[in-house]
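# Breakdown of the fold
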Amino acid sequence: MSGVRVLVGTRKGAFVLTADGKRKQWDVSGPHFAGWEIYHVKGSPADPNRLYASQSSGWFGQVIQRSCDGGKTWETPGGGVTMEPGQMPKGESNKFVYDASPETGKPLTTHQWYDGTQHPWEFKRVWHLEPSLTDPDTVYAGVEDAGLFRTSDGGKTWQELAGLRGHGTGPKWQPGAGGMCLHTILLDPSNPRRMHVAISAAGAFRTDDAGKTWKPINRGLRSQYIPDPNAEVGHCVHRIALHRSRPNVLFMQKHWDVMRSDDAGDSWREVSGNLPTDFGFVIDVHAHEPDTIYVVPIKSDSEHYPPNGKLRVYRSRTGGNEWEALTKGLPQRDCYVNVLRDAMAVDSLEACGVYFGTTGGQVYLSADAGDSWTPIVRDLPAVLSVEVQTLR
Amino acid sequence: MIRVVLPYHLRRLAHVDAEVALDLDGPVTQRAVLDALEARYPMLCGTIRDHVTQQRRPFLRFFACERDLSHEPPDAPLPDAVSSGAEPLLVIGAIAGG
C-alpha cells in the first residue's frame, strides 16, 4: 500500500502529515520541537524512515534532530563528549564551524555587509538539509551565513565544504533581506560529483568534483537591483529545481524573473512569459513530466502576498513561458499570505501530488497535478518548509 | 552539589525536569558549571554559549542570589550559596515581548 508523508517546518515546530495513497484522510502529528523554528525537515531517499530536522532559536542557536522511525521519535545525533586532559568537554552534535584551515586553500573570513564594508562570516542557522541520494548517514546542510556543510556520520559531526566560500567571489556576496543564506541544494542523480546550490544574495553555483571546487553559474541572469545587472554574482536567487530524469535542465525562481537553463546552469534564459508577476519564492517540477513546472506569483518584493488577494498557483506544461492559473480550491479573495522558498514539494504517486505551505499556516494539496486544491491543515504556525516522501 | 535551573526549551532538549544537580571538583565558577552541564547533557553544547568562542549567547543571562552574574568573568567564583547548593544558578532566556 503506498502512502505519503509530508514534513512541515514552521515558525513554532515541526509537523508530520501522513495519508495513504488516496490522500483523503490525514493524520497530523506535532508539534515536534514546539516553540522552536524549524527551517527544514527532510527524509533520506536511501532510507525513508531516516529524517533530519533543522531546529533553531534566536535564544539557543542551532540544533540538529534525527529520526530513525519516520518522525515518531527524535534524537540529537552524536551526544558523545570528547574530553582531553586540561580541555573543556566538547559535545559533537549541532556544531557548525567554518573551515579556517590553511589546507583548504584560502578560507574566507569576510563578505560584503549591508553598508559595503567587509564583515566576518558568522554562523546563524541551517536553512536546508539535503540527504544523500544513496547514504542515509550523509547529509548536506546549507547555512546562514552562506556556506555548505556535510556530515557522513548521520549528523554527529559536520565539516564545511570550504571550496564554495573560497572560490573567489565570496567577498562580493552580501545578505538579502532574509540574511545571507545557502537555501537550495540540488544533487544530480546521474552524476554523484555534480551539485548545484543557490545563495541569497549571491546566485547559483555548481561543483563537478563533489564539492571541492565551485563556479558561479549566473550567466543570463539580469538583476536591476545590483550595480551591474549582469554581474557574475550578486543575484538574489530564491529557488532552483530540476527533474531527476533530465538533470541538465534547471528552473529558477529569482527575486524577479522565472528562468530556465538547458546546460546545467552555464546559461539561463527568462521564461516568465504571461505570469501576472514574476516575483516569487517557490518553483518545482512535476514528478513525471519534466516540462511541467509550478510557481506561486507574489505581488512584489515590497508586498509579499499574492496579487489582488487571490492565491494562485501557476503551471506551465511547456517548461516555461506559457502559464495557466490554477485556482480551484484556493482562496480567491482577501488572501494575503506568502509561500516561502522551501515550502513547495511534489509526491511521485501515479497522479502527481503537489503541496505547498503558507505563512498563514495552511498546507494545500493538489492530488491531480494542480487542477484542484484542498487544505490538509489550515491553522499551523507560519510554514517555512514542506517536503514530501512517497512511501511504497 | 550545584543546582542549575534551565529555561523551558533547554529542559525539554535535555529531557530534564526542573533543576539539574551537578557534582563539581574544584572551584565553582560559571565555566566549571557549564563544562559539567555540557559534559552530562551534550545536546546543550552550543545552546548556552558559543561552540567556539565560549561566549554566552546574547539572549541568555545568568542569575543567582538575586544578582545578575552574566557579565562576571567566567572563571570568577560563584557566590558561596551557589557553591554550597543553597541557591541555584539560574539560566534565563530574555523575555520576548511586543
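No experiment lies behind these values; they were computed from the predicted model shown.

### Regarding the overall build of chain A
Along its length, chain A carries zero helices and 31 strands. Computed over its C-alpha atoms, the radius of gyration of chain A comes to 20 Å, within 12% of the 21 Å expected for a compact globule of 392 residues. Seen along its three principal axes, the alpha-carbon backbone of chain A occupies a region of about 65 × 50 × 40 Å. Residues classed as buried in chain A amount to 53% of the 392 residues present. In chain A, the share of contacts with a sequence separation of at least 24, taken over all contacts with a separation of at least 6, comes to 50%.

### Considerations on the overall build of chain B
Along chain B, the regular secondary structure elements total three helices and five strands. Secondary structure elements in chain B, listed N-terminal to C-terminal, are β-α-β-α-β-β-α-β. Radius of gyration (C-alpha) of chain B: 13 Å, near the 13 Å computed for a compact globule of 98 residues. With the principal axes as the frame, chain B shows a C-alpha extent of 40 × 30 × 25 Å. Expressed as a percentage of the 98 residues in chain B, the buried residues total 32%.

### Quick look at the nonpolar core
A:Val8, A:Tyr355, A:Val363 and A:Val386 are the most contacted members of the largest nonpolar core, which totals 131 residues. In this structure A:Tyr355 touches A:Val6, A:Met344, A:Ala345, A:Val363, A:Tyr364, A:Leu365, A:Val386 and A:Val388, once residues within four positions along its chain are discounted.

### A closer look at the sheet that holds strand S24 (residues 293-298) of chain A
Residues and elements named next belong to chain A. Within the open sheet, the four strands sit side by side as S23-S24-S25-S26. Their pairing is antiparallel. The sheet terminates laterally at strand S23 (279-285) and strand S26 (324-326), the two strands that pair on one side only. Neighbour to neighbour, the strand axes of the sheet diverge by 30° on average, direction disregarded. Two strands pair when backbone bridges link them, and S24 and strand S25 (residues 313-316) are joined in this way by three bridges, in the antiparallel orientation. Residue Tyr294 lies in a different strand from S25, and its bridge partner there is Arg315.

### Quick notes on the confidence of the model for chain A
Looking at chain A, the pLDDT average stands at 93 and 95% of residues meet or exceed 70. Per-residue pLDDT stays below 50 along residues 85-90 of chain A; that stretch engages in nine contacts with residues further than four places along the chain or on separate chains.

### Structural notes on the pairing of S24(A)
All names here are of chain A. Burial of S24 is extensive: six of the six residues sit out of reach of the surface. Burial along S24 is two-sided: Ile293, Val295 and Pro297 and Tyr294, Val296 and Ile298, pointing in opposite directions, are all buried. Pairing of S23 with S24 involves five bridges; the strand directions are antiparallel. Paired with Gly280 across the two strands is Pro297, which belongs to S24.

### Some points on the confidence of the model for chain B
Residue and element names in this part refer to chain B. For chain B, the mean per-residue pLDDT works out to 93, and 97% of the residues sit at or above 70. Mean pLDDT values for the elements of chain B range from 93 in helix H1 (residues 8-14) up to 98 in helix H3 (residues 80-83). For this predicted complex, the interface score ipTM comes out at 0.89, alongside a pTM of 0.94.

What counts, and where the lines are drawn
Residues numbered from 1 in each chain as written. Chains lettered and ligands numbered in written order. Predicted model: local features only at pLDDT ≥ 70, side-chain atom pairs only at ≥ 80, totals over all residues. Helix = DSSP H or I, 4+ residues; strand = E, 2+ residues; numbered from the N terminus. Rg over C-alpha atoms; globule rule 2.2 N^0.38 Å. Buried ≥ 20, exposed ≤ 12 C-beta atoms within 10 Å, placed from the backbone. Contact = placed C-beta atoms within 7 Å. Core = buried A, V, L, I, M, F, W, Y, C linked by C-beta atoms within 7 Å. Pairing = 2+ DSSP bridges. Axes fitted to C-alpha atoms, helices over the stretch in contact; angles between N-to-C directions. pLDDT = per-residue confidence, 0-100.

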